[in-house]
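# Summary of structural features
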Amino acid sequence: MKAVAISVLAVALGATGSLGAPRHAPPRHAAVRRVAPPQTLRPFDVKPGTELTIPIAVVDGKATPGAPRLGKLGASPPKDGEITVGLDRIKGEFYNQITVTEKTAQPINFLVTALNGGTKIDETEICGRLDAPILARVGSTAWRFSVNSFEIGKATGCGS
């Protein structure tokens, strides 16, 4: 009796089964267009306890990253034209310590993004410095950390 009452109520509210709803096929003459995705640079992933060394080339006024090298934290300093991004977990806190060393002709700004799947959990903007290592923090509850959005540092400061 209850199943019949639920079925009658569902029909009264407009719910239909998969057989009741018409299915329309696309017309045969419609051409399927495939559009190439825009050419974007893939972000680089780094995990706590590791460092990423990225060669940076300045081309037409833009910072262009090359193929990165992943290594143990503190294993190798950057060579000329490279930046090294290290990530280390801070005990007792929900943050990771970011250490950046740049050996480039110009300061390079970029983002370190903490992600769970495709959801951004935290993000830290790194403002390039050539005179000393850069220290920053990013939330540590994420599954992965992305180093992305490279640009030449601005003379007026970071974030403007």
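On a predicted model such as this, the values are computed, not experimentally measured, just so you know.

### A few points about the packing of aromatic side chains
In the structure shown here, the tally under the stated rule is 2 aromatic pairs. Pairing Phe-44 with Phe-150 gives two aromatic rings, centres 6.2 Å apart and planes at 50°, and the pair type is tilted. With Phe-44 in strand β1 (residues 44–46) and Phe-150 in strand β10 (residues 144–152), this residue pair connects regions lying 106 residues apart in the sequence. Seen in terms of ring centroids, Phe-110 and Phe-150 are 5.5 Å apart; in terms of plane orientation they differ by 35°. Their pairing is tilted. Pair noted here: Phe-110 is in strand β7 (residues 108–116) and Phe-150 is in strand β10, with a separation of 40 residues, a long-range link. The exposure class assigned to Phe-110 is buried, which follows from its relative accessible area of 1%. On the basis of relative accessible area, Phe-150 is assigned to the buried category, the value being 14%. Grouped by ring-pair contacts, the aromatic residues Phe-44, Phe-110 and Phe-150 constitute a single cluster.

### As for the pattern of salt bridges
Enumeration according to the criterion identifies 5 salt bridges in this entry. Linking Asp-131 and Arg-129 is a salt bridge whose minimum nitrogen-to-oxygen distance equals 3.0 Å.

### Some points on the environment of Asn-116
For Asn-116, the location among the structural elements is in strand β7. Given a relative accessible area of 21%, Asn-116 falls into the partly exposed group. Considered as a pair, Asn-116 and Thr-141 are 25 residues apart in the sequence and their alpha carbons are 8.3 Å apart. Not counting residues within four places of it along the chain, the set of residues in contact with Asn-116 comprises Ile-121, Thr-141, Ala-142 and Trp-143.

### Remarks on the nonpolar core
Ile-54, Ile-98, Phe-110, Ile-126, Val-147 and Phe-150 are the most contacted members of the largest nonpolar core, which totals 24 residues. Those elements that provide at least two residues to this core are β1, β2 (50–59), β5 (82–89), β6 (95–103), β7, β9 (134–139) and β10. Apart from the residues lying within four places of it in its own chain, the contact partners of Phe-150 are Phe-44, Ile-54, Ile-56, Ala-63, Pro-65, Ile-83, Ile-108, Asn-109 and Phe-110.

### Regarding the confidence of the model for the protein chain
Here the protein chain averages 80 in pLDDT, while 71% of its residues score no lower than 70. Here residues 4–10 is a poorly scored stretch, pLDDT under 50, and it has 1 contact once near neighbours within four places are set aside; other chains count. Predicted confidence for residues 35–40 stays below pLDDT 50, and this span has 0 contacts to residues more than four positions away or in other chains.

### Some details on the pairing of β6
Of the two faces of β6, the one holding Asn-96, Ile-98, Val-100 and Glu-102 is buried and the one holding Tyr-95, Gln-97, Thr-99, Thr-101 and Lys-103 is not buried anywhere. Once β5 ends, the chain turns through 5 residues before running back antiparallel as β6, passing Gly-92 with a positive phi of about 80°. In terms of strand pairing, β6 meets β9 through 6 bridges, oriented antiparallel. Paired with Gln-97 across the strands is Arg-137, a residue of β9.

### Description of the pairing of β10
Pairing of β1 with β10 involves 3 bridges; the strand directions are antiparallel. The residue bridging Val-46 from the neighbouring strand is Phe-145, located in β10. Here 7 bridges tie β7 to β10, and the two strands are oriented antiparallel to one another. Within the sheet, the bridge partner assigned to Thr-113 lies in β10 and is Ser-146.

### Side note on the side chain of Asn-148
Within the element layout of this structure, Asn-148 appears in strand β10. Only 3.2 Å separates the side chain of Asn-148 from the side chain of Thr-113, close enough to count as a polar contact.

Parameters at a glance
Residues numbered from 1 in each chain as written. Predicted model: local features only at pLDDT ≥ 70, side-chain atom pairs only at ≥ 80, totals over all residues. Heavy atoms only, no water. Phe/Tyr/Trp six-rings, centres within 6.5 Å; stacked < 30°, edge-to-face > 60°. Helix = DSSP H or I, 4+ residues; strand = E, 2+ residues; numbered from the N terminus. Buried < 20%, exposed > 50% of the residue type's maximum accessible area, 1.4 Å probe, protein only. Salt bridge = Lys/Arg side-chain N within 4 Å of Asp/Glu carboxyl O. Contact = heavy atoms within 4.5 Å. Core = buried A, V, L, I, M, F, W, Y, C linked by side-chain atoms within 4.5 Å. pLDDT = per-residue confidence, 0-100. Pairing = 2+ DSSP bridges. Polar contact = N/O pair within 3.5 Å; in protein donor to acceptor, adjacent residues only side chain to side chain.

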